[in-house]
Amino acid sequence: GQQLNQSPQSMFIQEGEDVSMNCTSSSIFNTWLWYKQDPGEGPVLLIALYKAGELTSNGRLTAQFGITRKDSFLNISASIPSDVGIYFCAGQRRDDKIIFGKGTRLHILP
Amino acid sequence: GAGVSQTPSNKVTEKGKYVELRCDPISGHTALYWYRQSLGQGPEFLIYFQGTGAADDSGLPNDRFFAVRPEGSVSTLKIQRTERGDSAVYLCASSVGVGAGEKDTQYFGPGTRLTVL
């Protein structure tokens, strides 16, 4: 089946640092999505990317849809305590279900 | 409320029992999705409804799992003869559906945590 490889699996950073995580796939996707999940909650969409090469920002978050359509990255600038959580990448083909990565767990050290 | 709601929030059952999990989508959303999220994993697709019909049930793991959406709104995920391996968080999501185009965002509920003892 389709697999998304998301890395890193977890990150420990200091408040104020920038964060970068990425996702790769052996398959092409039409849409790349980045979600954040807090404990006891469902995933919340952060950024959606619809075109190869697209670079999109949402506040301190920036994500890019890779040119090959097989990868995407998410950057968070100047991290703050509320950024703690699990970040999921997800790929979707046209009219198909969403495939999620295994997540990147972001921890911010006091 | 404006979001997707799921009940119960937690369900503990014994192996072999039958369980029903409920999802109330956002009002007006025609598309509804069920996912299963095991510990340390991302959500995995189970089934997708467009209106009352199951448009894609390819993610259901076996015939013990079944879902309905009789009036095109509330959906129930039914699991028969539960097994310990069914323990997971079951997430529901809804979206506008037909006519929304490629930018049809799925909004997730908080999930039901199922524990099979």
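Here the structure is a predicted model, which is why all the values come from computation and not from measurement. (Residues numbered from 1 in each chain as written. Chains lettered and ligands numbered in written order. Predicted model: local features only at pLDDT ≥ 70, side-chain atom pairs only at ≥ 80, totals over all residues. Heavy atoms only, no water.)

Draft legend 1. Local environment of the overall build of chain A. Per the secondary structure count, chain A includes 0 helices and 11 strands. Ordering the α and β elements of chain A from the N terminus gives β-β-β-β-β-β-β-β-β-β-β. The principal-axis extents of the C-alpha atoms in chain A amount to approximately 40 × 25 × 20 Å. Each of the 110 residues in chain A was classed as buried or not, and the buried ones make up 45%. For chain A, the computed accessible surface area is about 5,400 Å², with 51% contributed by carbon and sulfur atoms. Side chains of chain A carry 10 positive and 10 negative charges; the gap between the two charge centres is 11 Å. (Helix = DSSP H or I, 4+ residues; strand = E, 2+ residues; numbered from the N terminus. Buried < 20%, exposed > 50% of the residue type's maximum accessible area, 1.4 Å probe, protein only. Areas by Shrake-Rupley, 256 points an atom, 1.4 Å probe, with all protein chains shown as cover. Lys, Arg positive; Asp, Glu negative; His and termini not counted. Charge placed at Lys NZ, Arg CZ, Asp CG, Glu CD.)

Draft legend 2. The arrangement of the environment of A:Ser26 in detail. Residues and elements named next belong to chain A. By secondary structure assignment, the location of serine 26 is in the loop between β3 (19-25) and β4 (31-37). By relative accessible area, serine 26 is classed as exposed at 59%. Ignoring anything within four residues of it in the chain, the contact list for serine 26 reads Gln3 and Lys70. (Contact = heavy atoms within 4.5 Å.)

Draft legend 3. View of the state of the cysteines. Under the counting rule described, the total for this entry stands at 2 disulfides over all chains. Bridging A:Cys23 to A:Cys89, the disulfide has an S-S length of 1.8 Å. You can see A:Cys23 sitting in strand β3 and its partner A:Cys89 sitting in strand β9 (residues 85-92), a full 66 residues away along the chain. With respect to class, A:Cys23 is no different from A:Cys89; both count as buried. B:Cys23 shares a disulfide with B:Cys92; S-S distance 1.9 Å. As the torsion about the S-S bond is roughly -65°, the B:Cys23-B:Cys92 disulfide counts as left-handed. Here B:Cys23 is found in strand β3 (residues 19-24), whereas its partner B:Cys92 is found in strand β9 (residues 88-95), with 69 residues between them in sequence. Across this residue pair, the class does not change: B:Cys23 and B:Cys92 are buried. (Disulfide = S-S within 2.5 Å.)

Draft legend 4. Examining the packing of aromatic side chains more closely. Counting across every chain of the model gives 10 aromatic pairs over all chains. Their ring planes at 90° and their centres at 5.6 Å tell us that A:Tyr35 and B:Phe108 sit as a pair that is edge-to-face. One end of the pair, A:Tyr35, is in strand β4; the other, B:Phe108, is in strand β10 (residues 107-108), on a second chain. Classification of B:Phe108 by relative accessible area gives buried; the value is 12%. Judged by centre distance (4.9 Å) and plane angle (10°), the ring pair of B:Tyr33 and B:Tyr48 falls under stacked. On the criterion of sequence distance, the pair formed by B:Tyr33 in strand β4 (residues 31-37) and B:Tyr48 in strand β5 (residues 44-50) is long-range, its members being 15 residues apart. By the ring-pair criterion, three or more aromatic residues cluster together here, those being A:Tyr35, A:Phe88, A:Phe100, B:Tyr33, B:Tyr35, B:Phe45, B:Tyr48 and B:Phe108. (Phe/Tyr/Trp six-rings, centres within 6.5 Å; stacked < 30°, edge-to-face > 60°.)

Draft legend 5. Structural view of the pairing of strand β1 (residues 4-7) of chain A. Residue and element names in this part refer to chain A. Burial along β1 is one-sided: the face carrying Leu4 and Gln6 is buried and the face carrying Asn5 and Ser7 is not. Of the strand pairs in this sheet, β1 and β3 are connected by 4 bridges, and their pairing is antiparallel. Paired with asparagine 5 across the two strands is threonine 24, which belongs to β3. (Pairing = 2+ DSSP bridges.)

Draft legend 6. Quick peek at the sheet that holds strand β8 (residues 75-79) of chain B. Residue and element names in this part refer to chain B. Taking strand neighbours across the sheet as the criterion, the 4 strands line up as β1-β3-β8-β7 in an open arrangement whose pairing is antiparallel. Both outer strands of the open sheet, β1 (5-7) and β7 (65-68), are each paired with one neighbouring strand and no more. The mean inter-strand angle of the sheet, taken between neighbouring strand axes irrespective of direction, is 15°. In this structure, β7 lies alongside β8, joined through 4 bridges in antiparallel fashion. From the neighbouring strand, phenylalanine 65 faces β8, where its bridge partner is isoleucine 79. (Axes fitted to C-alpha atoms, helices over the stretch in contact; angles between N-to-C directions.)

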